[in-house]
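Structural characterization, general
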Amino acid sequence: MLSYRHSFHAGNPADVIKHLILAQSLKHMVKKDKPFDYIDTHSGAGFFALENADMQKTKEYEDGIAKLWDYQGEVAAISEYVALIKGLNNTESLAHYPGSPKVAEQYLRKHDKGWFFELHPQDLTLLEKNMSGKRSLRVKGENGFTGLLGLVPPISRRACVLMDPPYEIKTDYDKAVDSLIKAHKRFSTGTYLLWYPVVERERIDRIEQRLQQSGIKNIQLFELATSADTDVHGMTASGMIAINPPYTLMQTMQEVLPELVSLLSDETGFYRAEQLVAE
Ligand code: SAM
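Described in the following lines is the structure provided in the data block.

Thresholds applied
- Residues numbered from 1 in each chain as written.
- Predicted model: local features only at pLDDT ≥ 70, side-chain atom pairs only at ≥ 80, totals over all residues.
- Heavy atoms only, no water.
- Helix = DSSP H or I, 4+ residues; strand = E, 2+ residues; numbered from the N terminus.
- Rg over C-alpha atoms; globule rule 2.2 N^0.38 Å.
- Buried < 20%, exposed > 50% of the residue type's maximum accessible area, 1.4 Å probe, protein only.
- Contact = heavy atoms within 4.5 Å.
- Areas by Shrake-Rupley, 256 points an atom, 1.4 Å probe, with all protein chains shown as cover.
- Lys, Arg positive; Asp, Glu negative; His and termini not counted.
- Charge placed at Lys NZ, Arg CZ, Asp CG, Glu CD.
- Salt bridge = Lys/Arg side-chain N within 4 Å of Asp/Glu carboxyl O.
- Near = heavy atom within 4 Å.
- Polar contact = N/O pair within 3.5 Å; in protein donor to acceptor, adjacent residues only side chain to side chain.
- Nonpolar A, V, L, I, M, F, W, Y, C, P; charged D, E, K, R; others polar.
- Pairing = 2+ DSSP bridges.
- Axes fitted to C-alpha atoms, helices over the stretch in contact; angles between N-to-C directions.
- Phe/Tyr/Trp six-rings, centres within 6.5 Å; stacked < 30°, edge-to-face > 60°.

Along the backbone of the protein there are 10 helices and 10 strands. A globule of 279 residues ought to have a C-alpha radius of gyration of about 19 Å, and the protein, at 17 Å, matches this closely. Every one of the 279 residues in the protein was classed for burial, and the buried ones make up 56%. A separation of at least 24 residues holds for 78% of the contacts in the protein among residues at least 6 apart in sequence. Carbon together with sulfur atoms contributes 50% to the accessible area of the protein, which is approximately 12700 Å² in total. Taking the average place of the 32 positive charges on the side chains of the protein and the average place of its 37 negative ones, the gap between the two points comes to 10 Å.

Written out as structure tokens, the structure reads:
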């Protein structure tokens, strides 16, 4: 029984770092004319209205995108991310926030393919509606961990994969790593992005150790902590582990993350930008 609904969390600081890195990665993919596949293993509904009762209940977007809406700073990747979100709003003020499928759709060209997996019946229906109209975009009501393995290596031989599980079931932590290792064995040149929440730090330490021991090369980690780690339940930080990231991503994130800490974190917040495994 799936209970997680991303509508409670859309636009929060975790979405900011996740979607900013996704946008930077796809911007890099489209630098070449050659087609590529985008695979979103855990898509969610795809697009969220602020007036939605779930978003209004938690108002998590107030700690994330809302604080960046009027961004006038000098970090180009943050300005690009805010412009992307503004482009999906028809209004002066924030009214909608995109999920990863809609972020990706902004970059996918006619000859690229998009694959979107979602298991929650209600979110699947919303996702089908939000992503309808383009034959190159396929929504699948299937398990994204195993669905990914059926799609690699892609015919295009180029792919960007976003894996963004809800982690409501604790086995997701190991399943995500298992699935990445298997996918990478079949297709080692793809770009893989794994999002993670820091609720219990030991679980993330284990993900890092498993990937470091996997034999996979060229892994980077980017994390934004809005406050220090704690034993009290709740997410204090989130991050993205990137396998075969764009060569520009480390430098970009070294500019982005300190700025996001100053804009979104409390005085105990911090960031990480690390090469977990060398190229
Ligand atoms: N990637 C989305 C975004 O950035 O807007 C958010 C995704 S949300 C964190 C995780 C989603 O995965 C939920 O909508 C949940 O219903 C779905 N889900 C859970 N287990 C799944 C599985 N095994 N395969 C595909 N989708 C799954």
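Below, the discussion takes up the pattern of salt bridges. The full count for this structure, using the stated rule, is 16 salt bridges. A salt bridge links Asp178 to Arg210; the nearest nitrogen and oxygen atoms lie 2.6 Å apart. One end of the pair, Asp178, is in helix H8 (residues 172-186); the other, Arg210, is in helix H9 (residues 201-212), with 32 residues separating them in the sequence. On the basis of relative accessible area, Asp178 is assigned to the partly exposed category, the value being 33%. Exposure remark for Arg210: the relative accessible area of 22% places this residue in the partly exposed category. Taken together, the shared-partner salt bridges connect Arg201, Glu208, Glu223, Asp229, Arg272 and Glu274 into one network.

Our next topic: the site of the ligand. Surrounding the ligand, one finds 20 residues, the nearest of these being His42, Ser100, Glu118, Gly144 and Asp164. A distance of 2.6 Å separates an oxygen atom of the ligand from a polar atom in the side chain of Glu118. Considering the ligand on its own, with 600 Å² of exposed area, one finds that the protein chains cover 97% of that surface. Among the residues forming the shell around the ligand, the class breakdown is 4 nonpolar, 11 polar and 5 charged.

Strands sit in the order S5-S4-S1-S6-S7-S9-S8-S10 across an open sheet of 8 strands; the sheet is mixed. Across the chains shown, the open sheet's two edge strands, defined by having one partner strand only, are strand S5 (137-140) and strand S10 (270-277). Each neighbouring strand pair of the sheet contributes to a mean axis angle of 15°, computed without reference to strand direction. Relative to S10, strand S8 (residues 219-225) is paired through 7 bridges, and the arrangement is antiparallel. Each residue of the ladder has a partner; that of Ile219, found in S10, is Val277. Docked against the sheet, H8 engages strand S6 (159-163), strand S7 (191-198) and strand S9 (237-243), running at close to 170° with respect to S7.

Moving on: the environment of Ser265. Mapping Ser265 onto the fold places it in the loop between helix H10 (249-264) and S10. Sequence separation between Ser265 and Thr226 is 39 residues, and the spatial gap between their C-alpha atoms is 3.9 Å. If we skip the residues at most four places from it in the chain, Ser265 touches Leu224, Ala225, Thr226 and Leu260. Within the structure, the side chain of Ser265 is placed 2.9 Å from the backbone oxygen of Ala225, a separation counted as a polar contact.

Right, let's get into the packing of aromatic side chains. For the structure on display, the rule yields 3 aromatic pairs. Arranged with centres 4.5 Å apart and planes meeting at 40°, the rings of Tyr167 and Tyr173 form a pair that is tilted. Take Tyr167 and Tyr173: they sit in the same class, and that class is buried. Between Tyr167 and Trp195, the aromatic rings sit 6.2 Å apart at their centres with planes inclined by 50°, giving tilted as the arrangement. On the criterion of sequence distance, the pair formed by Tyr167 in the loop between S6 and H8 and Trp195 in strand S7 is long-range, its members being 28 residues apart. By relative accessible area, which is 3% here, Tyr167 ends up buried. In this structure an aromatic cluster arises from ring pairing among Tyr167, Tyr173 and Trp195.

Another point: unusual backbone geometry. Val152 connects to Pro153 through a cis peptide bond whose omega is -5°. Note that Pro153 resides in the loop between helix H7 (144-149) and S6. The backbone phi angle of Lys59 is positive, close to 50°, even though this residue is not glycine. Take Lys59: it is sitting in the loop between helix H2 (53-58) and helix H3 (65-68).

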